[in-house]
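# Analysis of the macromolecular model
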2 protein chains.
Amino acid sequence: MNELLALFTRSSKLMRAAADEAMSQHGVRVGQNLILEVLWETDGLTPGELAGRLHLATPTVVKSANRMATAGLLLRKPDPADARLVRLYLTDRARAVRQAIERERDDLERRMTATLTPEEREHLRNALSKIIEQLAGDPGPAPGGASPAETQAAPRSAQPPEAWV
Amino acid sequence: MNELLALFTRSSKLMRAAADEAMSQHGVRVGQNLILEVLWETDGLTPGELAGRLHLATPTVVKSANRMATAGLLLRKPDPADARLVRLYLTDRARAVRQAIERERDDLERRMTATLTPEEREHLRNALSKIIEQLAGDPGPAPGGASPAETQAAPRSAQPPEAWV
DNA sequence: GGGTTCTCGTTAGCCGGCTATCGAATGTGA
DNA sequence: TCACATTCGATAGCCGGCTAACGAGAACCC
């Protein structure tokens, strides 16, 4: 029963395992590559900003960033203007593995869709997008149904959230 | 970049979160519902058997089963014939929540595919099956490529693995 | 200027994955 | 029969998610 659910959980676990195995060859765990991905674009973000862009809880980012700091991938510096903030900066080592990690991501995506036709890939993209849209907005099975226009209503922040993953 | 990868990780996290929220209303966490799903069909399995059917590592099942035992969902009894084995039995409470949990699974599947046409659902099933087949068999990017016929070659066990999730 | 409120990161603790290792029990073979 | 190999669950410890509670600092508003 619930075939789609089963297929989904199975495939996501397989993908995660494959990704972790691939990234670990370069000293980066699967959860850390997401943080790197964002910092490679804009260095010096705070844990809260990273959590927002990655759709993660702040403590998750804090813990991961601490591990990455002890692993020599990140540097934690206090913000000079606001003592509440901590800014995370890439080390040379983090910058050095960028190409390798991105290649692993490409390889994985290619590997997982190896037996899919371009059409099937397009269908998959479309279906996943719809699922995300469906699950991200509404807080639950609201009977009336919230208007889809309200999805992703910009918060009071000037900077757009820029959802990454 | 890696759009499919990003869509996949995002949707799987959303699904997992939605599933956990739904199941938790009935005192069952998302990882526990898998164990229940199997035991509802065949009660009294060992941790190792469960791990095999669910594609999990044995310690994962052991820890989860212990939590479920203290939560009053499972009973751990030593096997009378083989003192190495532990058999896990459902409690009345575990049997009682079966309908509710299964309904939550149905609801979630319906909710996530709410905006998909039957055709799109079929495409999704097809694509996920192909991805699983692709990632489950080969241990890596083997250049020669293992023959696909070898996938799921039956081990020496008489009982088929009966992969569930 | 000073109290209140808000915002941020940190900590503690839970769940669910994993590997490595260990100890106990069974099975096997000389 | 008895040593050795195998098998199984348990333990320790890691990573990556989460919520709840806390404390320090900024911002705000008298």
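Here is a short report on the structure shown in this document.

Conventions adopted
- Residues numbered from 1 in each chain as written.
- Chains lettered and ligands numbered in written order.
- Predicted model: local features only at pLDDT ≥ 70, side-chain atom pairs only at ≥ 80, totals over all residues.
- Heavy atoms only, no water.
- Helix = DSSP H or I, 4+ residues; strand = E, 2+ residues; numbered from the N terminus.
- Buried < 20%, exposed > 50% of the residue type's maximum accessible area, 1.4 Å probe, protein only.
- Contact = heavy atoms within 4.5 Å.
- Near = heavy atom within 4 Å.
- Polar contact = N/O pair within 3.5 Å; in protein donor to acceptor, adjacent residues only side chain to side chain.
- Nonpolar A, V, L, I, M, F, W, Y, C, P; charged D, E, K, R; others polar.
- Expected span 1.5 Å × (residues − 1).

## A few points about the overall build of chain A
Helices and strands together make up the secondary structure of chain A, namely seven helices and two strands. Ordering the α and β elements of chain A from the N terminus gives α-α-α-α-β-β-α-α-α. Burial statistics for chain A: of 165 residues in total, 41% are counted as buried. Partitioning the contacts of chain A with sequence separation of at least 6, the portion at a separation of at least 24 is 56%.

## Structural notes on the protein's contact with DNA strand C
Near DNA strand C there are 28 residues, and of these A:Arg76, B:Arg29, B:Ala57, B:Lys63 and B:Arg67 occur at the shortest range. Backbone atoms, meaning sugar and phosphate, form 75% of the atoms of DNA strand C found within 4 Å of the protein. One of the side-chain N or O atoms of A:Arg76 is found 2.4 Å from a phosphate oxygen in DNA strand C. The contact in question runs from a sugar or linking oxygen of DNA strand C to an N or O atom on the side chain of B:Arg84, over 3.5 Å. Looking at the surface near DNA strand C, the elements with two or more residues in it are helix H3 (47–54) and helix H4 (58–70) of chain A together with helix H2 (30–41) and helix H4 (58–70) of chain B. With five residues, the top contributor of residues to the surface near DNA strand C is H4(B). Of the residues that constitute the surface near DNA strand C, the class distribution is 10 nonpolar, eight polar and 10 charged.

## Quick look at unusual backbone geometry
Residue and element names in this part refer to chain A. Positive phi values are uncommon outside glycine, yet His55 reaches one of about 60 degrees. Within the fold, His55 resides in the loop between H3 and H4. When its relative accessible area of 33% is taken as the criterion, His55 is described as partly exposed.

## Observations concerning helix H6 (residues 98–112) of chain A
For H6(A), spanning 15 residues, the distance from its first C-alpha to its last is 21 Å, which sits close to the expected 21 Å at 1.5 Å a residue. For H6(A), the full list of buried residues reads A:Ala100, A:Ile101, A:Glu104, A:Arg105, A:Leu108, A:Glu109 and A:Met112. For H6(A), the elements touching its buried residues are helix H1 (3–24) and helix H2 (30–41) of chain A together with helix H1 (3–24) and helix H7 (118–137) of chain B.

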